Amino acid sequence: MATSSLSAPFSHWITDSSRPYRKTNHLITKSAKIHSAINRDARVGSLETSTLPSKVARPHNGVASIVQPSYSIAALGPSEATLGCHLARRLVEIGVGDVFSVPGDFNLSLLDHFVTEPGLNLIGCCNELNAGYAADGYARSRGVGACVVTFTVGGLSVINAIAGAYSENLPLICIVGGPNSNDYGRNQVLHHTIGLPDFTQELRCFQTVTCHQAVVNNLEDAQEQIDTAIFTALKESKPVYISISCNLTSIPHPTFSRKPITFSLSPRLSDQMVLEAAVEAAAEFLNKAVKPVMVAGPNLRIAKACDTFAELADASGYAHAVMASAKGLVSTEHHAHFIGTYWGTVSTAFCAEIVESADAYLFAGPIFNDLSSVGYSLLIKKEKAIIVQPDRVVIGNGPTFGFVEMNDFLKALAKRLNRNTTAYENYHRIYVPDGRPLKRDPKEPLRVNVLFQHIQNMLSSKTTAIVEAGDIWFNCQKLKLPSGCGYEHQMQYASIGWSVGATLGYAAGAPNKRVIACIGDGSFQDVSTMLRCGQNSIIFLINNGGYTTEAGIHNGPYNVIKNWSYTGLVDAIHNGEGKCWTAKVCCEEELAKAIETATGPQKDCLCFIEVIVNREDGSKELLPFSSRLAAANSRAPVPR
């Protein structure tokens, strides 16, 4: 192939190399299927610890382990042998301690069982969409999340959040309180639906954004359906949908009296002959290169290969970067040979020059879409690239090696590479330290780059940054994460408003971390639930009066929003109940005082800081990003 740069067709080739996922679209799972999926030979009542760690942790690589129950699950008495009790205990067993919910008449009896389960804390949210976002954030900090909504009116509201979790490979249990089991097949219309005597609209919608669906409207196979759905979520690292008829949750059944089947996740195994061939070819490819580099991608999360990537970077000496969508997944930002974020024309300083001038590059778990490629404009060449996905390796224009697990490949490759620091030495030669914003009058209107200079100083191993979609992306990509500092954003789906719900869920799942949320004024909602939960996150709401990113791509009056007094709104929500502190800042002097208060006297409070900035105060990266994305979106149709 010629040495053409990465165009739309080449980008499509890379996207096609990402991991495929098997769809399971049935209502009733037969016993033969669950027998093949679940190891019945293991001891009943606990998770199989040979494959699942026994403690919940929030390591730096974004992959949390699954919890063991603190009690042993024995046979239940008749009063406990109900569907609702079984589901509640199953959630506790896999590590879910908090469930995010919105009550509706079809899920109320199910919520009763969740309330009485000692291992569960039910967190009521203001709307279903935010409950889904919160479950997404919780899954990022604990490894798995869950939400409960009501039939159709709740399910179709939460579905956008479920789609976002699907795009990020997060195991999430979406539970819907369904119609009375007697209403199925009676050709009658129910409330909360779209007015048709057909109960499958919600199911059909969820089939496209979940890896498994279960509709439980009889007790005979309820345990089997629920367990299969939960097992599939853990196995595939994707959301699942479980609908449960509202009249079944409190009825005892013999299947719930038995000890539950153990979840046993068998480790994925590489084909050893193919693995050896892939490592041999990759080592030869990289060892003959003069200035090879490594780039981390978002699929490291699903492959659970974040630590392995760091080990390879350390062993090889290569200059290494992260894709924007993978920031925070690998613990190498403090590593001597880390060179920043590779994001085409909007990469951090001097990073793109080193990556794109390399004569060989290893991308581990990349996803190349129009955002990550800045309108398909990356200057990388297929013949120079090794693309490592969770279960396959593609080397240049050569062969594809299937049935090769990323962890196995990276570990074996680390033993075969010659140490090569040339690319990093080139980076070090051209690197100029970041300049600091010019010192201005303390009362001068605040600039966004000054704000993020202060946020940088707040980061530590005890904090996690949660970043909203938009221009905030570019500023936060330039943050240097200390060892152990968390970082979460949603780049593939890029749903406006995700960060608020995700902050709620992440903080619930990681109470040992203080969340620093960077949120745009167009995304603000559901702070009241954080107050009710007693969380102490710090929220920076950047008030620039509209959607700056969209205005950069295509301007119009629809990008201007009605300005609110956000601090006044939070004060009203607070209403003197709970711990809350707010401030509105317009200049650097006020900002510094607000941060000092939030990290000092008010460190145990939810701190809300509204930052007033000029509408045109965007990052320098936003200008080329917007123009290239606008060009990609406005391409003329190709004649057919």
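Residues numbered from 1 in each chain as written. Predicted model: local features only at pLDDT ≥ 70, side-chain atom pairs only at ≥ 80, totals over all residues. Heavy atoms only, no water.

(A) Examining a nonpolar patch on the surface more closely. A surface patch of nonpolar side chains, about 260 Å² in accessible area, is lined by Trp564, Leu569 and Ile573. Topologically, Trp564 is positioned in the loop between α19 (548-553) and α20 (566-574). (Patch = residues over 30% accessible without salt bridge, like charges linked within 9 Å, V, L, I, M, F, W, Y side chains within 5 Å. Areas by Shrake-Rupley, 256 points an atom, 1.4 Å probe, with all protein chains shown as cover. Salt bridge = Lys/Arg side-chain N within 4 Å of Asp/Glu carboxyl O. Helix = DSSP H or I, 4+ residues; strand = E, 2+ residues; numbered from the N terminus.)

(B) Summary view of the packing of helix α5 (residues 128-142) against helix α6 (residues 155-167). Running from N to C, α5 and α6 cross one another at 20°; their axes reach a closest spacing of 6 Å. The angle between the axes of α5 and α6 places the two elements in the roughly parallel class. The chirality of how α5 crosses α6 is right-handed. Here Glu128, Leu129, Gly132, Tyr133 and Asp136 of α5 come into contact with α6, specifically with Ser157, Val158, Asn160, Ala161, Gly164 and Ala165. Among the residues forming the contact of α5 with α6, the class breakdown is five nonpolar, four polar and two charged. (Axes fitted to C-alpha atoms, helices over the stretch in contact; angles between N-to-C directions. Parallel < 35°, antiparallel > 145°, perpendicular 65-115°, else oblique. Left-handed = near helix turned anticlockwise from the far one by under 90°. Contact = heavy atoms within 4.5 Å. Nonpolar A, V, L, I, M, F, W, Y, C, P; charged D, E, K, R; others polar.)

(C) α5, seen in detail. For α5, built from 15 residues, the straight-helix expectation of 21 Å at 1.5 Å per residue is met to within 8% by its first-to-last C-alpha distance of 21 Å. A large share of α5 lies buried, amounting to 14 of its 15 residues. One or two positions beyond α5, positive phi appears at Gly143, with a value near 100°. (Expected span 1.5 Å × (residues − 1). Buried < 20%, exposed > 50% of the residue type's maximum accessible area, 1.4 Å probe, protein only.)

(D) Focus on the packing of aromatic side chains. For the coordinates displayed, the defined rule picks out 13 aromatic pairs. When the centroid spacing of 4.6 Å and the interplanar angle of 25° are considered together, the rings of Phe206 and Tyr241 count as stacked. Highlighted residues: Phe206 in helix α7 (residues 201-206) and Tyr241 in strand β6 (residues 240-245), separated in sequence by 35 residues. Both residues of the pair, Phe206 and Tyr241, count as buried. Taken together, the ring pairs in this structure connect Tyr342, Tyr361, Phe363 and Phe368 into an aromatic cluster. Lying over the aromatic face of Tyr166, Lys238 brings its terminal NZ or CZ to 3.8 Å of the ring centre. Lying across the ring of Tyr487, Lys327 places its NZ or CZ 5.4 Å from the centre. (Phe/Tyr/Trp six-rings, centres within 6.5 Å; stacked < 30°, edge-to-face > 60°. Lys NZ or Arg CZ within 6 Å of the ring centre and 35° of its normal.)

Read these as spatial facts, not as claims about activity.
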